[in-house]
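Residue-level listing of the chains:
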Amino acid sequence: MTSNQASLTRAGLPAPQATSAVSISPILGKGDIVTGVRGTTDGSVILTGSHATGTKKDTVPFLYQGPLTSAAEGVSALTPPFPGFQTGTFYGPDTNTYNPDTIPPGQVRAVGSYRTHPNDGVLNHGMIYIGPLSGQGGSWTSIDVPADGTDTVGGVRACPEDSPHCCVMDTIAHSTMGDLVVGNYDLNPGHGVSGNAFIYNMSTRQWTLLQLGGSLASGTTLYGIWQNGGPGSPSYTLAGGSLAHGSSPHGNMRAFLMNYNEQTGAFGKPRFYNYGNSPVLFTHFDGITAVPGGFNLVAISSAQKSSMAFIPATRGDWPSFGRATWYPIDVAGSRLCSPDGCSAVTGNTVFQNQVMGLYVYDSAPGTYLAAVPIP
(Lines give C-alpha, C1' and ligand atoms only; values in the text may rest on other atoms or scores of the structure.)
Protein backbone atom coordinates (compact mmCIF):
# COMPACT_ATOMS: atom_id res chain seq x y z
CA MET A 1 0.00 0.00 0.00
CA THR A 2 1.36 3.45 -0.89
CA SER A 3 1.53 6.27 1.65
CA ASN A 4 -1.33 7.99 -0.19
CA GLN A 5 -3.49 4.84 0.00
CA ALA A 6 -2.73 4.52 3.71
CA SER A 7 -3.73 8.15 4.26
CA LEU A 8 -7.02 7.58 2.47
CA THR A 9 -7.70 4.50 4.59
CA ARG A 10 -6.99 6.33 7.84
CA ALA A 11 -9.32 9.11 6.72
CA GLY A 12 -12.13 6.62 6.15
CA LEU A 13 -12.20 7.21 2.38
CA PRO A 14 -12.34 4.41 -0.21
CA ALA A 15 -8.96 2.84 -0.87
CA PRO A 16 -8.41 2.42 -4.62
CA GLN A 17 -8.46 -0.99 -6.26
CA ALA A 18 -4.96 -1.97 -7.37
CA THR A 19 -4.43 -2.70 -11.06
CA SER A 20 -0.77 -3.77 -11.19
CA ALA A 21 0.04 -6.69 -13.50
CA VAL A 22 -0.01 -10.08 -11.76
CA SER A 23 2.37 -12.86 -12.79
CA ILE A 24 0.47 -16.19 -13.13
CA SER A 25 2.08 -19.59 -13.72
CA PRO A 26 1.36 -23.29 -13.06
CA ILE A 27 2.85 -25.02 -10.04
CA LEU A 28 3.39 -28.71 -9.12
CA GLY A 29 1.84 -31.36 -11.37
CA LYS A 30 -1.56 -31.77 -12.99
CA GLY A 31 -4.04 -33.09 -10.48
CA ASP A 32 -2.17 -31.59 -7.49
CA ILE A 33 -4.48 -28.99 -5.94
CA VAL A 34 -2.90 -26.68 -3.36
CA THR A 35 -5.25 -25.62 -0.56
CA GLY A 36 -2.91 -24.42 2.20
CA VAL A 37 0.53 -22.92 2.85
CA ARG A 38 2.74 -21.97 5.79
CA GLY A 39 6.33 -20.73 5.84
CA THR A 40 9.37 -22.46 7.36
CA THR A 41 12.52 -21.14 9.02
CA ASP A 42 14.77 -21.76 6.00
CA GLY A 43 12.67 -19.56 3.70
CA SER A 44 10.83 -22.38 1.98
CA VAL A 45 7.18 -23.31 2.47
CA ILE A 46 4.97 -26.24 3.33
CA LEU A 47 2.10 -26.73 0.89
CA THR A 48 -0.91 -28.96 1.51
CA GLY A 49 -3.67 -30.19 -0.74
CA SER A 50 -5.02 -33.16 -2.67
CA HIS A 51 -3.24 -35.52 -5.05
CA ALA A 52 -5.18 -37.40 -7.73
CA THR A 53 -4.93 -41.19 -7.40
CA GLY A 54 -6.15 -41.95 -10.91
CA THR A 55 -9.08 -43.89 -9.41
CA LYS A 56 -12.27 -42.08 -10.36
CA LYS A 57 -12.31 -38.81 -8.39
CA ASP A 58 -10.59 -40.17 -5.28
CA THR A 59 -7.65 -38.21 -3.88
CA VAL A 60 -5.09 -38.54 -1.09
CA PRO A 61 -3.66 -35.66 0.95
CA PHE A 62 -0.18 -34.40 0.10
CA LEU A 63 2.63 -32.38 1.64
CA TYR A 64 5.29 -30.39 -0.21
CA GLN A 65 8.33 -28.65 1.23
CA GLY A 66 10.53 -26.40 -0.83
CA PRO A 67 10.80 -23.01 -2.50
CA LEU A 68 7.59 -21.37 -3.67
CA THR A 69 8.33 -20.84 -7.36
CA SER A 70 6.76 -21.92 -10.62
CA ALA A 71 9.44 -24.64 -10.80
CA ALA A 72 8.15 -26.34 -7.63
CA GLU A 73 7.38 -30.02 -8.20
CA GLY A 74 7.22 -33.33 -6.39
CA VAL A 75 4.80 -33.94 -3.53
CA SER A 76 4.64 -36.52 -0.75
CA ALA A 77 1.29 -38.28 -1.07
CA LEU A 78 0.09 -39.71 2.24
CA THR A 79 -2.58 -42.37 2.81
CA PRO A 80 -4.33 -41.89 6.17
CA PRO A 81 -4.61 -45.15 8.18
CA PHE A 82 -8.31 -44.72 9.00
CA PRO A 83 -10.40 -47.90 8.53
CA GLY A 84 -12.23 -47.85 5.20
CA PHE A 85 -10.38 -44.74 3.97
CA GLN A 86 -11.59 -43.82 0.49
CA THR A 87 -10.61 -40.22 -0.30
CA GLY A 88 -9.29 -37.17 1.51
CA THR A 89 -7.39 -33.91 1.37
CA PHE A 90 -5.32 -31.61 3.55
CA TYR A 91 -6.55 -28.03 3.70
CA GLY A 92 -4.10 -26.18 5.91
CA PRO A 93 -0.67 -26.72 7.57
CA ASP A 94 1.32 -25.28 10.45
CA THR A 95 5.06 -25.53 11.05
CA ASN A 96 7.71 -25.49 13.78
CA THR A 97 8.59 -21.95 12.67
CA TYR A 98 5.36 -20.59 14.12
CA ASN A 99 4.66 -23.09 16.91
CA PRO A 100 7.94 -24.68 18.09
CA ASP A 101 6.45 -25.82 21.43
CA THR A 102 3.88 -28.13 19.83
CA ILE A 103 5.43 -29.02 16.46
CA PRO A 104 8.88 -30.69 16.66
CA PRO A 105 11.64 -29.65 14.24
CA GLY A 106 11.30 -31.42 10.90
CA GLN A 107 7.61 -32.10 11.41
CA VAL A 108 4.39 -30.60 10.07
CA ARG A 109 0.88 -30.34 11.41
CA ALA A 110 -1.84 -30.51 8.77
CA VAL A 111 -5.61 -30.62 8.97
CA GLY A 112 -8.25 -31.69 6.48
CA SER A 113 -11.06 -34.14 5.87
CA TYR A 114 -11.60 -37.67 4.61
CA ARG A 115 -14.33 -40.09 3.57
CA THR A 116 -14.71 -43.78 4.25
CA HIS A 117 -16.63 -46.63 2.67
CA PRO A 118 -19.12 -47.45 4.05
CA ASN A 119 -19.88 -44.05 5.53
CA ASP A 120 -22.67 -44.83 8.05
CA GLY A 121 -24.34 -41.51 7.27
CA VAL A 122 -21.23 -39.38 7.86
CA LEU A 123 -19.83 -38.13 4.55
CA ASN A 124 -16.72 -36.30 5.79
CA HIS A 125 -14.69 -36.65 8.99
CA GLY A 126 -12.14 -34.07 10.05
CA MET A 127 -8.52 -35.11 10.55
CA ILE A 128 -5.30 -33.85 12.11
CA TYR A 129 -1.85 -35.11 11.11
CA ILE A 130 1.44 -34.35 12.85
CA GLY A 131 4.69 -35.88 11.73
CA PRO A 132 7.39 -35.79 9.05
CA LEU A 133 6.81 -34.91 5.42
CA SER A 134 7.00 -38.58 4.43
CA GLY A 135 4.20 -39.63 6.78
CA GLN A 136 6.46 -42.31 8.30
CA GLY A 137 5.72 -42.56 12.01
CA GLY A 138 3.32 -39.65 11.95
CA SER A 139 0.22 -39.41 14.13
CA TRP A 140 -3.32 -39.24 12.70
CA THR A 141 -6.40 -38.12 14.63
CA SER A 142 -10.01 -38.21 13.44
CA ILE A 143 -12.24 -35.39 14.71
CA ASP A 144 -16.01 -34.92 14.45
CA VAL A 145 -18.13 -32.05 15.72
CA PRO A 146 -20.29 -33.48 18.56
CA ALA A 147 -23.99 -33.35 17.75
CA ASP A 148 -25.32 -33.35 21.32
CA GLY A 149 -23.29 -30.64 23.04
CA THR A 150 -20.70 -33.01 24.50
CA ASP A 151 -17.33 -31.24 24.80
CA THR A 152 -18.71 -28.00 23.37
CA VAL A 153 -18.25 -24.65 25.09
CA GLY A 154 -21.49 -23.82 26.90
CA GLY A 155 -22.96 -27.19 25.98
CA VAL A 156 -24.13 -25.76 22.66
CA ARG A 157 -25.75 -28.47 20.54
CA ALA A 158 -25.09 -28.76 16.83
CA CYS A 159 -28.29 -30.81 16.47
CA PRO A 160 -31.60 -29.54 17.87
CA GLU A 161 -32.71 -31.47 20.96
CA ASP A 162 -36.04 -32.30 19.35
CA SER A 163 -34.41 -33.91 16.26
CA PRO A 164 -33.51 -37.49 17.29
CA HIS A 165 -32.40 -38.46 13.78
CA CYS A 166 -30.09 -35.48 13.34
CA CYS A 167 -26.35 -36.08 12.92
CA VAL A 168 -23.27 -34.11 11.95
CA MET A 169 -22.79 -35.19 8.35
CA ASP A 170 -19.57 -33.27 7.60
CA THR A 171 -16.66 -32.01 9.67
CA ILE A 172 -14.22 -30.12 7.43
CA ALA A 173 -11.03 -28.87 9.12
CA HIS A 174 -9.74 -25.93 7.08
CA SER A 175 -6.79 -24.39 8.90
CA THR A 176 -4.64 -24.65 12.04
CA MET A 177 -2.32 -22.46 14.09
CA GLY A 178 -1.32 -22.46 17.73
CA ASP A 179 -3.68 -24.69 19.74
CA LEU A 180 -6.59 -24.26 17.36
CA VAL A 181 -8.23 -25.81 14.32
CA VAL A 182 -10.96 -23.93 12.46
CA GLY A 183 -13.42 -25.29 9.94
CA ASN A 184 -17.04 -26.03 9.15
CA TYR A 185 -19.69 -28.64 9.82
CA ASP A 186 -22.97 -29.67 8.19
CA LEU A 187 -26.01 -31.48 9.53
CA ASN A 188 -27.83 -34.17 7.59
CA PRO A 189 -30.63 -32.71 5.42
CA GLY A 190 -33.87 -31.71 7.08
CA HIS A 191 -32.47 -31.00 10.55
CA GLY A 192 -32.00 -27.26 10.72
CA VAL A 193 -28.82 -25.37 9.93
CA SER A 194 -27.13 -26.54 6.74
CA GLY A 195 -23.68 -25.33 7.67
CA ASN A 196 -21.78 -23.48 10.39
CA ALA A 197 -18.25 -22.82 11.61
CA PHE A 198 -16.32 -24.36 14.50
CA ILE A 199 -13.15 -23.78 16.51
CA TYR A 200 -11.51 -26.89 17.97
CA ASN A 201 -8.97 -26.51 20.78
CA MET A 202 -6.44 -29.35 20.51
CA SER A 203 -5.18 -28.80 24.08
CA THR A 204 -8.56 -28.86 25.86
CA ARG A 205 -10.38 -30.96 23.21
CA GLN A 206 -13.24 -28.49 23.44
CA TRP A 207 -15.33 -27.27 20.52
CA THR A 208 -16.72 -23.78 20.05
CA LEU A 209 -19.67 -23.63 17.65
CA LEU A 210 -19.93 -20.14 16.22
CA GLN A 211 -23.09 -18.15 16.78
CA LEU A 212 -22.34 -15.09 14.69
CA GLY A 213 -25.31 -12.76 14.84
CA GLY A 214 -26.61 -14.84 17.75
CA SER A 215 -27.47 -17.88 15.64
CA LEU A 216 -26.05 -21.22 14.56
CA ALA A 217 -27.89 -20.68 11.27
CA SER A 218 -25.98 -17.61 10.05
CA GLY A 219 -24.22 -19.40 7.19
CA THR A 220 -20.84 -18.66 8.77
CA THR A 221 -17.64 -20.26 7.47
CA LEU A 222 -14.10 -20.20 8.85
CA TYR A 223 -11.27 -20.88 6.41
CA GLY A 224 -8.29 -19.01 7.83
CA ILE A 225 -6.59 -18.39 11.18
CA TRP A 226 -3.59 -16.34 12.29
CA GLN A 227 -2.04 -16.38 15.76
CA ASN A 228 -1.34 -12.80 16.83
CA GLY A 229 1.58 -12.28 19.21
CA GLY A 230 3.56 -15.35 18.26
CA PRO A 231 3.90 -18.80 19.91
CA GLY A 232 1.92 -19.18 23.12
CA SER A 233 -0.28 -16.17 22.46
CA PRO A 234 -4.00 -16.76 23.15
CA SER A 235 -5.04 -14.17 20.56
CA TYR A 236 -6.02 -14.99 16.99
CA THR A 237 -7.54 -13.39 13.92
CA LEU A 238 -10.14 -15.53 12.13
CA ALA A 239 -11.15 -15.20 8.46
CA GLY A 240 -14.12 -16.49 6.46
CA GLY A 241 -17.56 -15.42 5.31
CA SER A 242 -21.03 -15.06 6.77
CA LEU A 243 -24.69 -14.31 6.11
CA ALA A 244 -25.06 -13.15 9.72
CA HIS A 245 -27.77 -10.58 10.37
CA GLY A 246 -26.27 -7.15 9.94
CA SER A 247 -23.44 -8.29 7.68
CA SER A 248 -25.44 -7.33 4.61
CA PRO A 249 -28.73 -5.49 4.19
CA HIS A 250 -29.65 -7.81 1.31
CA GLY A 251 -28.70 -11.16 2.89
CA ASN A 252 -25.58 -11.51 0.75
CA MET A 253 -22.46 -13.27 2.05
CA ARG A 254 -19.64 -10.99 3.08
CA ALA A 255 -16.08 -11.88 3.94
CA PHE A 256 -15.04 -11.03 7.47
CA LEU A 257 -12.16 -10.75 9.94
CA MET A 258 -12.70 -11.25 13.66
CA ASN A 259 -10.45 -11.46 16.71
CA TYR A 260 -10.69 -14.35 19.20
CA ASN A 261 -9.07 -15.10 22.56
CA GLU A 262 -8.80 -18.83 23.30
CA GLN A 263 -8.31 -18.34 27.06
CA THR A 264 -11.34 -16.13 27.71
CA GLY A 265 -13.46 -17.30 24.78
CA ALA A 266 -14.07 -13.66 23.85
CA PHE A 267 -14.77 -12.65 20.24
CA GLY A 268 -14.11 -9.23 18.78
CA LYS A 269 -16.60 -7.43 16.62
CA PRO A 270 -16.42 -8.79 13.06
CA ARG A 271 -15.40 -6.44 10.26
CA PHE A 272 -17.17 -7.30 6.99
CA TYR A 273 -15.85 -6.85 3.45
CA ASN A 274 -17.16 -6.87 -0.12
CA TYR A 275 -14.89 -7.35 -3.13
CA GLY A 276 -13.92 -3.96 -4.51
CA ASN A 277 -15.51 -2.28 -1.46
CA SER A 278 -18.84 -2.26 -3.33
CA PRO A 279 -21.96 -4.44 -2.85
CA VAL A 280 -21.69 -7.83 -4.61
CA LEU A 281 -23.63 -11.08 -4.30
CA PHE A 282 -20.96 -12.82 -2.21
CA THR A 283 -17.38 -12.43 -1.02
CA HIS A 284 -15.44 -14.98 1.01
CA PHE A 285 -11.94 -15.05 2.51
CA ASP A 286 -10.16 -18.39 2.02
CA GLY A 287 -6.73 -17.73 3.51
CA ILE A 288 -4.82 -15.23 5.64
CA THR A 289 -1.19 -14.27 6.18
CA ALA A 290 0.31 -11.48 8.27
CA VAL A 291 2.42 -8.92 6.40
CA PRO A 292 3.95 -5.59 7.46
CA GLY A 293 1.12 -3.21 8.28
CA GLY A 294 -1.70 -5.77 8.31
CA PHE A 295 -2.89 -8.91 6.56
CA ASN A 296 -3.02 -10.26 3.01
CA LEU A 297 -6.04 -12.43 2.28
CA VAL A 298 -7.09 -14.52 -0.69
CA ALA A 299 -10.73 -14.14 -1.65
CA ILE A 300 -13.35 -15.49 -4.00
CA SER A 301 -16.39 -13.48 -4.97
CA SER A 302 -19.24 -13.30 -7.46
CA ALA A 303 -17.47 -10.33 -9.07
CA GLN A 304 -13.94 -11.80 -9.22
CA LYS A 305 -13.15 -15.51 -9.03
CA SER A 306 -9.77 -14.92 -7.39
CA SER A 307 -8.28 -11.87 -5.74
CA MET A 308 -5.97 -10.74 -2.96
CA ALA A 309 -6.94 -8.14 -0.39
CA PHE A 310 -4.57 -6.13 1.75
CA ILE A 311 -6.25 -5.06 4.99
CA PRO A 312 -4.34 -2.65 7.21
CA ALA A 313 -4.40 -3.60 10.88
CA THR A 314 -3.13 -2.07 14.08
CA ARG A 315 -0.34 -3.88 15.90
CA GLY A 316 -0.90 -6.03 18.96
CA ASP A 317 -2.85 -9.07 20.08
CA TRP A 318 -6.26 -7.49 19.38
CA PRO A 319 -5.87 -5.58 16.10
CA SER A 320 -8.47 -3.35 14.52
CA PHE A 321 -8.98 -3.70 10.77
CA GLY A 322 -9.07 -1.00 8.09
CA ARG A 323 -10.48 -0.71 4.60
CA ALA A 324 -9.30 -3.26 2.03
CA THR A 325 -7.26 -2.67 -1.10
CA TRP A 326 -8.13 -5.33 -3.68
CA TYR A 327 -5.84 -6.98 -6.23
CA PRO A 328 -7.79 -8.90 -8.92
CA ILE A 329 -6.10 -12.07 -10.19
CA ASP A 330 -7.27 -12.71 -13.74
CA VAL A 331 -6.48 -16.40 -14.10
CA ALA A 332 -9.19 -16.81 -16.75
CA GLY A 333 -7.41 -14.24 -18.94
CA SER A 334 -3.97 -15.77 -18.49
CA ARG A 335 -2.13 -18.19 -20.76
CA LEU A 336 -3.16 -21.05 -18.46
CA CYS A 337 -6.72 -20.72 -19.74
CA SER A 338 -5.91 -19.85 -23.36
CA PRO A 339 -7.41 -20.21 -25.89
CA ASP A 340 -10.65 -21.94 -24.81
CA GLY A 341 -10.99 -20.65 -21.25
CA CYS A 342 -11.06 -22.43 -17.90
CA SER A 343 -14.16 -24.18 -16.63
CA ALA A 344 -13.29 -23.39 -12.99
CA VAL A 345 -11.04 -20.99 -11.07
CA THR A 346 -10.73 -20.51 -7.31
CA GLY A 347 -8.57 -18.61 -4.85
CA ASN A 348 -7.41 -21.04 -2.13
CA THR A 349 -4.48 -19.78 -0.09
CA VAL A 350 -1.92 -16.98 0.25
CA PHE A 351 1.69 -16.67 1.45
CA GLN A 352 3.12 -13.15 1.67
CA ASN A 353 2.02 -11.70 -1.71
CA GLN A 354 1.68 -15.04 -3.53
CA VAL A 355 -1.76 -16.54 -4.13
CA MET A 356 -2.54 -20.12 -5.13
CA GLY A 357 -5.74 -21.74 -6.29
CA LEU A 358 -7.43 -24.17 -8.65
CA TYR A 359 -7.81 -23.82 -12.40
CA VAL A 360 -9.40 -26.40 -14.71
CA TYR A 361 -8.43 -26.27 -18.39
CA ASP A 362 -9.64 -28.90 -20.85
CA SER A 363 -10.98 -30.98 -17.91
CA ALA A 364 -7.50 -31.15 -16.35
CA PRO A 365 -7.27 -29.58 -12.86
CA GLY A 366 -4.11 -27.90 -11.66
CA THR A 367 -2.80 -25.20 -9.33
CA TYR A 368 -1.73 -21.72 -10.35
CA LEU A 369 0.74 -19.47 -8.52
CA ALA A 370 0.06 -15.73 -8.79
CA ALA A 371 2.67 -13.22 -7.66
CA VAL A 372 0.95 -9.93 -6.81
CA PRO A 373 3.22 -6.86 -7.08
CA ILE A 374 2.85 -4.71 -3.97
CA PRO A 375 3.65 -0.97 -4.21
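Residues numbered from 1 in each chain as written. Predicted model: local features only at pLDDT ≥ 70, side-chain atom pairs only at ≥ 80, totals over all residues. Heavy atoms only, no water.

Within the chain, the secondary structure is distributed over one helix and 25 strands. The buried share among the 375 residues of the chain stands at 55%. A sequence separation of at least 24 residues applies to 52% of the contacts in the chain between residues at least 6 apart. Accessible surface for the chain amounts to roughly 15500 Å². Of this, 51% is attributable to carbon and sulfur atoms. (Helix = DSSP H or I, 4+ residues; strand = E, 2+ residues; numbered from the N terminus. Buried < 20%, exposed > 50% of the residue type's maximum accessible area, 1.4 Å probe, protein only. Contact = heavy atoms within 4.5 Å. Areas by Shrake-Rupley, 256 points an atom, 1.4 Å probe, with all protein chains shown as cover.)

Moving on, we get to the pairing of strand E6 (residues 85–95). Across the eleven residues of E6, nine count as buried, placing the element largely inside the fold. Bridging between E6 and strand E7 (residues 108–116) involves nine bridges; their strand directions are antiparallel. Residue pairing in the sheet places Thr 95 in a bridge with Val 108 of E7. (Pairing = 2+ DSSP bridges.)

Turning our attention to the side chain of Gln 354. The topology assignment puts Gln 354 in strand E24 (residues 354–361). Beyond its immediate sequence surroundings of up to four residues, Gln 354 is in contact with Leu 68, Thr 349, Leu 369, Ala 370 and Ala 371.

Moving on: the sheet that holds E7. Overall, antiparallel pairing links the four strands, which are arranged E6-E7-E8-E9 in an open sheet. Two strands close off the open sheet at either side, each with one partner strand: E6 and strand E9 (139–143). Between one strand axis and the next, the sheet turns through 25 degrees on average, direction left out of account. In this structure, E7 lies alongside strand E8 (residues 125–131), joined through seven bridges in antiparallel fashion. When the sheet's bridge partners are listed, Tyr 114 is paired in E8 with His 125. (Axes fitted to C-alpha atoms, helices over the stretch in contact; angles between N-to-C directions.)

Scanning the entire structure with this criterion turns up two disulfides. Put simply, Cys 159 and Cys 166 are joined by a disulfide, and their sulfur atoms are 2.0 Å apart. Its S-S torsion of about -75 degrees marks the bond between Cys 159 and Cys 166 as left-handed, since a negative value means left-handed. Residue Cys 166 is classed as buried on the basis of its relative accessible area of 11%. As a non-bridged cysteine, Cys 167 has Cys 166 as the owner of its nearest cysteine sulfur, 6.4 Å distant. (Disulfide = S-S within 2.5 Å.)

Our focus in this paragraph is the sheet that holds strand E21 (residues 325–328). The strand order E18-E19-E20-E21 describes an open sheet built from four strands, whose pairing is antiparallel. A strand with exactly one partner marks an edge of an open sheet, and here the two such strands are strand E18 (283–291) and E21. Mean inter-strand twist for the sheet, computed between neighbouring axes without regard to direction, equals 25 degrees.

The full count for this structure, using the stated rule, is two salt bridges. For the salt bridge of Arg 38 with Asp 94, the shortest nitrogen-to-oxygen distance reads 3.6 Å. Here the residue Arg 38 occupies a position in strand E2 (residues 32–39), and Asp 94 occupies one in strand E6, the gap between them amounting to 56 residues. For Asp 94, the salt bridge is made with Arg 109, and the minimal N-O distance between the two is 3.7 Å. One end of the pair, Asp 94, is in strand E6; the other, Arg 109, is in strand E7, with 15 residues separating them in the sequence. Summarising the burial analysis for this pair, Asp 94 and Arg 109 share the class buried. (Salt bridge = Lys/Arg side-chain N within 4 Å of Asp/Glu carboxyl O.)

The next subject is the confidence of the model for the chain. Of the residues in the chain, 92% reach a pLDDT of 70 or more, and the chain-wide mean stands at 91. Across residues 1–16, where pLDDT falls below 50, the model places 25 contacts with residues more than four positions away in sequence or in other chains. (pLDDT = per-residue confidence, 0-100.)

Now for the pairing of strand E4 (residues 59–66). When you tally the buried positions in E4, you get seven out of eight residues, the bulk of the element. Strand direction decides the pairing type here: strand E3 (residues 45–52) and E4, joined by eight bridges, are antiparallel. Paired with Ala 52 across the bridge in E4 is Thr 59. In terms of strand pairing, E4 meets strand E5 (residues 76–77) through two bridges, oriented antiparallel.

Our focus in this paragraph is the environment of Thr 141. Looking at where Thr 141 falls in the secondary structure, it is placed in strand E9. Once residues lying within four places of it in the same chain are set aside, the contact partners of Thr 141 are Phe 82, Gly 126, Met 127 and Ile 128.

This brings us to the nonpolar core. Within soluble globular proteins, side chains that are nonpolar tend to cluster in buried spots. Residues Leu 238, Leu 257, Tyr 273 and Phe 285 are the most contacted members of the largest nonpolar core, which totals 33 residues. Counting residues per element, this core draws most heavily on strand E16 (residues 254–261), at five residues. (Core = buried A, V, L, I, M, F, W, Y, C linked by side-chain atoms within 4.5 Å.)

Scanning the model with the defined rule gives 15 aromatic pairs in all. Seen in terms of ring centroids, Phe 256 and Phe 272 are 6.1 Å apart; in terms of plane orientation they differ by 55 degrees. Their pairing is tilted. A residue pair is termed long-range when its members are at least 10 positions apart, and Phe 256 in strand E16 and Phe 272 in strand E17 (residues 271–273) qualify at 16 residues. Residue Phe 256 shares its accessibility class with Phe 272, and that shared class is buried. Aromatic ring contacts, followed pair by pair, group Phe 82, Phe 85, Phe 90, Tyr 114, Tyr 129 and Trp 140 into a single cluster. Taking the ring centre of Tyr 98 as reference, the NZ or CZ of Arg 38 above it sits at 6.0 Å. (Phe/Tyr/Trp six-rings, centres within 6.5 Å; stacked < 30°, edge-to-face > 60°. Lys NZ or Arg CZ within 6 Å of the ring centre and 35° of its normal.)

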